[in-house]
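This is what each chain is made of:
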Amino acid sequence: MLVTTNFFLMFARKLLLFTFLCAGSCSCAAATLAEKFFSSPDMVDAALSPSGSKVAALRLENDSQRISFIDTVSMTEQSVFSVGEYSEKESSIRELVWLDNRYVAVQLSQLKEGIKDLMDTKLQKRLLIIDSESPKDNVLSVRTKGWLADPLRGEANSFLFAKSGIYSKLYKLSVDKLARDGVRLGKLDRVDGGQFVRSNESRSIDGHAIRWYLKNDGTAQAVLYFSREEGLVLAEFSADGKLQTLKNWEEDDEKSKKSKKDKDTATKAEKRFVPIVLAGMSSSFYCLDINEEVEKSVYLVNFSTGKEEKIYQTSSYQILDILVGESGKFVGVKVLKDGTVFTEFAEENKNLSRKVESLIMGSIDSSRDGKTNIVYAEAHNMPGHLMLAKDGKELAPLGKVYPLLPKVLASKQVEAVLNVEGLDIPYLLNLPQDTSVKLPMLVMPHGGPIGVYDTPYFDETAQFFVAQGYAVLRVNFRGSSGYSEDLQRSGEKQWGNMMLTDILQVTRQVTKRAEIDSKSVCIIGMSYGGYAAAELLTRHPEVFRCGVAMAGVYDINLYINFREHSDGRADWIYKNIGDPREDYDDLKAISPLYSTEKLQRPIFIIHGKKDTVVSFEQAYRYAALLSKNNKPFELYIDEEMTHSYGSPESAVRLMSKVSEFIGSNIGSTMP
Amino acid sequence: MNYSLFSKWLVLTLFLSQFSFAEESGLNVLGESQGYLLIELDVGGVAPSMKYAMRRSSRSLGEERTLALNTIDQRFYLIKLRKGVYQVTQVLAPLYDLPYRLGAEQSSYWQFKIEPGKINYFGRLHIKPERLTDYVEIRRLNYIAASYDDIQDYIKTNSIPYPLSLAFAYQDDYLRELLGSLDASYN
């Protein structure tokens with residue numbers, strides 16, 4: 001089946017930030033430094049009414065999502081809806097949309113996982129509608145199964161609702177005919193006011209619709225659906241309302257198989273585009289490639305001509321959704337990073353107001369006249385936050401991603417490149433504002449490693465250490481994305497070779513700077529970064545005094561062999577890392593596990609019991625062989641940690657331990 | 001059989017009856033061409049089971065055997081098998097109204113090898129059903145390091161005088177590196 005779980009998660013188009021891992025906020029007064037940097041965001045979504053008079057804000061409070069309305073003139077805030085109080089089931093708000101100036105639609109979701117390899121994960125959805133004029137006692141709902149297809153913001157009191165089955169239809173519904181949620185209907189009452197009738201049909205198709213693609217006026221331009229005869233099909237509506245197939249995946253797969261058979265060519269991982277949103281031109285869509293290891297790239301694809309163009313790539317873990325402007329212009333993406341959903345803006349949207357270096361600033365939502373905006377801003381020393389702006393002027397703060405941090409931090413950033421064996425290697429050096437004394441330095445290689453990169457924007461881990469008086473070096477070594485195809489491509493099969501050389505050369509270069517104490521350098525990383533930390537620490541004790549390896553790979557052959565891979569994924573691994581069947585000894589030679597006797601410096605090994613990407617078996621193996629060889633190490637296995645810092649509590653616990661370990665080895669300039 | 005040998009056999013048999021061995025094992029003494037398969041179980045569900053067969057060639061399998069997992073309430077389970085390469089063909093994990101089964105016949109990931117005179121670690125068989133969410137997770141996990149101390153305890157407690165080895169189809173030098181000899185042994 002082509003459609004993946006991720007695809008079902010992509011429906012929430014206007015979300016700014018959404019936290020899967022929420023936790024109670026901590027008191028400002030008692031907050032430790034780690035709590036300040038790794039606590040939950042206070043606002044996770046915000047939407048502006050069409051007139052610009054009200055903001056519907058989604059906040060996190062005591063593990064629970066809460067909706068409040070903010071008056072944009074008086075800036076008074078009224079809490080109106082709490083998920084925790086409303087539903088006992090494990091629910092979360094996935095979408096918050098103004099239908100008109102009075103009603104807000106809330107898509108409530110409950111995630112139900114299906115049996116692996118047998119059926120897809122199920123996502124139960126409920127559409128609630130809150131009346132902003134009398135919100136406390138007036139929550140309406142659509143009781144019929146389906147989802148909000150379009151808010152029809154130009155028409156008061158109505159919206160488009162999608163209902164899928166053997167035949168799928170789009171209905172135009174009126175809010176005032178809906179009943180209050182949870183209220184038992186009378187004998188004469190009809191469910192949802194009896195609105196699911198032919199006269200309310202906007203479009204219908206013979207097949208199970210998965211996604212409707214709507215123009216700004218609410219008319220359907222295309223639909224992705226399962227046809228009984230043809231399988232998964234993308235089709236476009238012609239002017240007379242007839243469906244014209246743009247893409248038939250089953251048919252194309254058959255053709256592709258036949259072509260390969262005829263040519264006797266080897267199977268390779270091909271791109272498989274899933275259209276996410278209209279691109280403003282006929283037959284053109286912004287798409288994700290679900291054959292990508294993890295969806296990190298946005299493609300503009302014309303399904304009529306077959307023309308495709310990669311227009312964006314993220315450094316975060318995964319793209320969840322694509323954001324477009326009114327005219328179908330690409331604006332940015334909603335991404336998953338460390339368990340939290342963030343919005344990233346395309347380059348041309350990043351610098352709308354470049355007041356400080358490396359600033360992201362863009363409008364999340366705007367009133368119909370465009371005069372009132374919700375603006376998101378972030379820079380290397382400025383934690384992400386939301387503001388209300390009118391006529392281009394910032395009016396008031398709305399919410400923060402890091403509620404316990406000040407608006408601007410006392411740090412500076414150097415962006416530079418070093419040519420390593422013919423290739424420009426970009427790097428970022430973050431420093432405390434005060435560099436009057438020589439600084440101990442942390443080298444922080446990113447995970448991935450292929451197709452990921454460190455951005456010049458706010459990085460909570462880097463800034464957490466800068467706030468403790470460390471310089472923090474992040475190297476976009478070969479294999480990293482975000483700069484050039486050459487840089488990324490040259491990372492193939494370089495896990496233990498040129499990637500490490502890049503990190504080492506840049507470290508040596510940077511330690512020549514006057515601000516840096518070259519005798520106090522530690523290396524810290526997660527995932528591949530954990531691998532790089534262990535391997536570089538082993539090979540270069542003259543450079544690195546200590547290491548911290550989180551969720552690291554220490555036995556590369558085991559990392560590859562540990563799980564079953566699809567053919568496409570296996571091809572990717574063999575091409576980018578190596579094939580244990582042929583390269584076992586080479587991969588063993590660059591695995592820290594098999595060179596523990598050479599380690600001279602202390603290492604802190606951290607792994608999560610719930611890590612499903614790199615198994616905790618890696619940490620146990622490494623610790624066992626370090627122990628056998630009487631090497632200095634500490635092992636911390638966290639019962640809750642996944643392949644990220646995990647929940648805010650877990651992150652705070654973890655980073656406090658890391659700080660302590662580093663402090664005991666190279667100290668810091670601050671208490 | 002003389003009395004001395006018989007009494008040893010009797011004591012050994014009574015001793016071993018306390019532990020969880022496969023039916024065909026009976027004794028902890030291996031024949032010349034036999035080895036133990038050590039399965040670490042982390043299995044839930046109504047009536048999970050695993051089917052396996054000896055791989056005669058890349059295309060043919062021997063007689064299929066079924067290992068019922070719902071009757072085993074221990075973490076470690078030993079089966080005495082003839083040396084050779086085996087294939088897990090199916091893992092069955094019915095979940096009430098869903099007769100879920102994982103077909104593994106074509107997967108080298110689900111192969112295991114039995115070296116004679118050794119305890120061959122299969123890995124942890126993880127079957128995790130979630131009734132509330134209709135979810136079944138089936139994995140074979142190479143936890144030789146994470147479970148090593150517990151495996152050692154089990155082997156020592158049961159006085160099984162054979163060295164430990166890995167039963168995975170892929171090359172894995174860890175145990176050899178840990179134990180420091182080509183013939184990895186538990187003591």
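The rules we used
- Residues numbered from 1 in each chain as written.
- Chains lettered and ligands numbered in written order.
- Predicted model: local features only at pLDDT ≥ 70, side-chain atom pairs only at ≥ 80, totals over all residues.
- Heavy atoms only, no water.
- Helix = DSSP H or I, 4+ residues; strand = E, 2+ residues; numbered from the N terminus.
- Buried < 20%, exposed > 50% of the residue type's maximum accessible area, 1.4 Å probe, protein only.
- Contact = heavy atoms within 4.5 Å.
- Areas by Shrake-Rupley, 256 points an atom, 1.4 Å probe, with all protein chains shown as cover.
- Domains from an automatic or database assignment.
- Buried area = accessible area lost by both parts, 1.4 Å probe.
- Polar contact = N/O pair within 3.5 Å; in protein donor to acceptor, adjacent residues only side chain to side chain.
- Core = buried A, V, L, I, M, F, W, Y, C linked by side-chain atoms within 4.5 Å.
- pLDDT = per-residue confidence, 0-100.
- Pairing = 2+ DSSP bridges.
- Disulfide = S-S within 2.5 Å.
- Axes fitted to C-alpha atoms, helices over the stretch in contact; angles between N-to-C directions.
- Parallel < 35°, antiparallel > 145°, perpendicular 65-115°, else oblique.
- Nonpolar A, V, L, I, M, F, W, Y, C, P; charged D, E, K, R; others polar.

### What about the overall build of chain A?
Move 1: Along the backbone of chain A there are 14 helices and 36 strands.
Move 2: Here chain A, with 671 residues, has 58% of them falling under the buried criterion.
Move 3: In chain A, the proportion of contacts linking residues at least 24 apart, taken out of those at least 6 apart, comes to 57%.
Move 4: Total accessible area on chain A stands at roughly 28000 Å², and carbon and sulfur atoms take up 47% of it.

### A closer look at the domain arrangement of chain A
Residue and element names in this part refer to chain A.
Move 1: Per the domain assignment, the segments of chain A are domain 1 (145-179 + 198-268), domain 2 (270-354) and domain 3 (411-666).
Move 2: On the side of domain 2, 16 residues touch domain 1, which itself brings 16 residues to the contact.
Move 3: Buried surface at the junction of domain 1 and domain 2, both sides included, amounts to about 1300 Å², of which 51% is carbon and sulfur.
Move 4: In terms of surface lost to domain 2, no three residues of domain 1 exceed Tyr213, Leu246 and Trp249, which account for 35% of the buried area on that side.
Move 5: Our enumeration of links across domain 1 and domain 2 arrives at 3 residue pairs in polar contact (both at pLDDT 80 or more).
Move 6: Going through the elements one at a time, strand E14 (208-214), strand E15 (220-227), strand E16 (231-237), strand E17 (243-248) and helix H4 (249-263) are the ones with two or more residues in the side of domain 1 that touches domain 2.
Move 7: Ranked by the residues each element gives to the side of domain 1 that touches domain 2, the list is headed by H4, at 4 residues.

### Some thoughts on the nonpolar core
One recurring pattern in soluble globular proteins: nonpolar side chains tend to sit buried together.
Move 1: Core analysis: the largest hydrophobic core is formed by 86 residues, its most contacted members being A:Trp495 and B:Leu164.
Move 2: Among residues more than four places away in sequence, those in contact with A:Trp495 are A:Pro449, A:Leu500, A:Tyr528, A:Tyr531, A:Val553, A:Ile556, A:Tyr559, A:Asn576, A:Ile577 and A:Ile590.
Move 3: A:Leu48, A:Ile374, A:Leu442 and A:Val466 belong to the second largest nonpolar core, which has 51 residues in total.

### Overview of the confidence of the model for chain B
Residues and elements named next belong to chain B.
Move 1: Scored by pLDDT, chain B comes out at a mean of 80, with 76% of its residues at no less than 70.
Move 2: Contacts of residues 1-27 to residues separated by more than four positions or lying in other chains number 37 contacts, the stretch itself having pLDDT below 50.
Move 3: Here residues 182-187 is a poorly scored stretch, pLDDT under 50, and it has 18 contacts once near neighbours within four places are set aside; other chains count.
Move 4: Taken together, the chains of this predicted complex give a pTM of 0.78 and an interface ipTM of 0.83.

### Focus on the environment of A:Asp365
Residue and element names in this part refer to chain A.
Move 1: Turning to its location among the elements, Asp365 is positioned in strand E25 (residues 360-366).
Move 2: Sequence separation between Asp365 and Val55 is 310 residues, and the spatial gap between their C-alpha atoms is 9.8 Å.
Move 3: Here Leu48 takes part through its backbone nitrogen, which lies 2.9 Å from a polar atom of the side chain of Asp365.

### Some words on the pairing of E15(A)
Residue and element names in this part refer to chain A.
Move 1: Counting buried positions along E15 yields 7 of 8 residues, so the element is predominantly enclosed.
Move 2: The pairing of E14 with E15 spans 6 bridges and is classified as antiparallel. Bridge pairing in E15 links Tyr213 to Ala222.
Move 3: Count of turn residues in the E14/E15 antiparallel hairpin: 5 residues, of which Gly218 carries a positive phi of about 90°.
Move 4: Two strands pair when backbone bridges link them, and E15 and E16 are joined in this way by 6 bridges, in the antiparallel orientation. By the bridge assignment, Phe226 is partnered in E16 with Leu232.

### Side note on the pairing of strand E28 (residues 393-400) of chain A
All names here are of chain A.
Move 1: Sheet topology note: the strand E27 (residues 382-390)/E28 ladder contains 6 bridges and is antiparallel. By the bridge assignment, Lys390 is partnered in E28 with Lys393.
Move 2: Between the antiparallel neighbours E27 and E28 lie 2 residues, among them Asp391 with a positive phi of about 50°.

### Concerning the state of the cysteines
Residue and element names in this part refer to chain A.
Move 1: The full count for this structure, using the stated rule, is 1 disulfide over all chains.
Move 2: Residue Cys522 pairs covalently with Cys546 via a disulfide, S to S 1.7 Å. Between Cys522 and Cys546, the S-S torsion sits near 110°, and that sign places the bridge as right-handed. Within this pair, whereas Cys522 is found in strand E33 (residues 516-526), its partner Cys546 is found in strand E34 (residues 546-550), the two being separated by 24 residues in sequence.
Move 3: We classify Cys522 as buried; its relative accessible area is 1%.

### Regarding the packing of helix H8 (residues 498-510) of chain A against helix H9 (residues 528-539) of chain A
Residues and elements named next belong to chain A.
Move 1: The N-to-C vectors of H8 and H9 enclose an angle of 70°; their axes lie 11 Å apart at closest approach. Considering their axes alone, H8 and H9 lie roughly perpendicular with respect to each other. In this structure, H8 contributes Met499, Leu500, Ile503 and Leu504 to the contact, and H9 contributes Tyr528, Tyr531, Ala532, Glu535, Leu536 and Arg539.
Move 2: Its residues assigned to classes, the contact of H8 with H9 comprises 8 nonpolar, no polar and 2 charged.

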